[in-house]
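# Fold and contact review
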Amino acid sequence: MPLNLYIKNMVCIRCKMVVKAELEKLGLHYNSVELGHAEIQGSISAAQHDQVRVALLKSGLELMDDKKSVLIEKIKSVIIELVHYSEDPLTVNFSDYLSEKLQHDYTYLSNLFSEVQGTTIEKFIITHKIERVKELLVYDELSVTEIAFLMHYSSVAHLSTQFKKITGLTPSHFKQLKNKRRSMLEDV
C-alpha cells in the first residue's frame, strides 16, 4: 500500500525535482511527486521518515503531519498549479473547483485558510496572479492585452486595476522600469 507524504513550501517544478532526488538518494521508490505531495511505494520506517524530513528541510521543504496544515498546503498547491501552470480557463467557479478537487465544502476551506494564513483565498489567488503577470511582463513576449486574456481577466482595465492595487504601478510602468533597469546595466 502506498504512503502519502505531504510537503510544505513545495511550489514549483524545481521543488518536485528536489523531492525526487532526495527520495532517490535515500533509496525510496515513489509512484508520483506532485506539488505538495509525494506517494511512496510501500511503507517507510521511522528512521527513514526522519531522514526524509531532514533532507527536505535542507532545501526549505517541510514534511507535514497535521491534517489542517496538509489541507492548507493542498489549497495553496491547487491555486499555484492553476495560476502558474494551467492555461485552460475554468469552466466552473473557483470555489466549486476547489471544493470538488479537495472534497470539502468551500466555506470550510475558506474559513480554515483565513484562520491559519491570515488572508483570504481570494487575496492569495490575486497575489499569485499578479506575480505571474509580473513574470510574463518581464519575459516581454506578450502584450498586456494578451497577458490579460491568458490570465483570464475580464478586461485589460481589470488586470491593470488589480496590478496597481498590489504593486502600486500600472503594468506598463512596471514594464518600463524593467526596461530602464536593463538599459542602465548595459551602460555599466
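The structure this text deals with has already been given above.
Our subject in this report is the structure included herewith. As the structure is a computational prediction, the values presented were derived from the model and not from experiment. (Residues numbered from 1 in each chain as written. Predicted model: local features only at pLDDT ≥ 70, side-chain atom pairs only at ≥ 80, totals over all residues. Heavy atoms only, no water.)

### Some remarks on the pairing of strand β1 (residues 3-8)
Cut-off, in case you're wondering: At least two DSSP bridges between two strands are needed for those strands to be called paired. Helix and strand definitions follow DSSP, with helices as H or I runs of at least four residues and strands as E runs of at least two, each counted in order from the N terminus.
Across four bridges, β1 lies against strand β3 (residues 37-40) in antiparallel orientation. Within β3, the position partnered with leucine 3 by the bridge is isoleucine 40. Sheet topology note: the β1/strand β4 (residues 62-64) ladder contains three bridges and is antiparallel. What sits directly across from tyrosine 6, in β4, is methionine 64.

### Observations concerning the packing of helix α3 (residues 67-85) against helix α6 (residues 121-139)
Between two packed helices, both the angle of their axes relative to each other and the distance between the axes serve to describe the pair. Using the following cut-off: A fitted line through C-alpha atoms represents every axis, and for helices the fit uses only the stretch in contact; the resulting angles, taken between N-to-C directions, go from 0 to 180 degrees. In this scheme, a crossing is called left-handed if the near helix is turned counterclockwise away from the far one by less than a right angle; it is called right-handed if the turn is clockwise. Should any heavy atoms of two residues lie within 4.5 Å, those residues are counted as being in contact.
At a minimum axis separation of 10 Å, α3 and α6 run at an interaxial angle of 35°. In the crossing of α3 with α6, the sense of the turn from one axis to the other is right-handed. Every residue of α6 that contacts α3 at Ile75, Lys76, Ile79, Ile80, Val83 and His84 is listed here: Ile121, Phe124, Ile125, His128, Lys129, Arg132 and Glu135.

### Overview of the sheet that holds strand β2 (residues 30-34)
In spatial order, the strands read β2-β3-β1-β4; together these four strands make up an open sheet with antiparallel pairing. Edge positions in the open sheet fall to β2 and β4, since each of these has one partner strand only. On average, each strand axis in the sheet is inclined to that of its neighbour by 25°, with strand direction left out of account. Strands β1 and β4 of the sheet are contacted by α3, whose axis makes an angle of about 70° with β1.

### Observations regarding the state of the cysteines
To keep it simple, the criterion reads: The disulfide criterion used throughout: a pair of cysteine sulfur atoms within 2.5 Å. Only protein chains enter the accessibility calculation, which uses a 1.4 Å probe; a residue is then buried when its area is under 20% of its type maximum, exposed when over 50%, and partly exposed in between.
Counted under the stated rule, the structure contains zero disulfides. The thiol sulfur of cysteine 12 is not disulfide-bonded, and the nearest other cysteine sulfur, from cysteine 15, lies at 3.3 Å. Taking relative accessible area as the criterion, cysteine 12 reaches 23% and is therefore assigned partly exposed. Cysteine 15 gets classed as buried once you look at its relative accessible area, which sits at 12%.

### Regarding the layout of surface pockets
Note the cut-off: Method remark: on a 1 Å grid restricted to protein atoms, a set of points is classed as a cavity if a 1.4 Å probe fits but cannot get out and as a pocket if it is open with protein on both sides within 12 Å along at least five of seven lines; lining residues have an atom within 4 Å of a point. Grid points are joined across faces, edges and corners, and a volume is the space filled by probe spheres set on the points.
Of the voids in this model, the largest pocket is the one considered here, and its volume is about 490 Å³. Lining of the largest pocket is provided by 21 residues; of these, Leu82, Ile125, Lys129, Met151 and His152 occupy positions nearest its centre. Every element with two or more residues in the lining of the largest pocket is listed here: α3 and α6. Tallying contributions element by element places α6 first for the lining of the largest pocket, with five residues. Estimates place the volume of the second largest pocket at around 290 Å³. As for the second largest pocket, its lining consists of 13 residues, and the residues nearest its centre are Leu35, Lys74, Ser77, Val78 and Lys101. When residues of the lining of the second largest pocket are traced back to their parent elements, those giving at least two are α3 and α4 (94-102). Per-element tally for the lining of the second largest pocket: the top contributor is α3, with five residues.

### Looking at the nonpolar core
Here is the rule: Within this scheme, the nonpolar core is defined by two criteria: the residues are buried Ala, Val, Leu, Ile, Met, Phe, Trp, Tyr or Cys, and they are joined through side-chain atoms within 4.5 Å.
Residues Ile75, Ile79, Leu98, Ile121 and Val133 are the most contacted members of the largest nonpolar core, which totals 29 residues. Taken together, the elements giving at least two residues each to this core come down to α3, α4, α5 (106-117), α6, α7 (144-150) and α8 (156-167). For this core, the element with the most residues is α6, which contributes eight residues. Sequence-distant contacts of isoleucine 121, defined by excluding residues within four places in its chain, comprise Ile75, Ile79, Phe94, Leu98, Tyr106, Leu109, Ser110 and Phe113.

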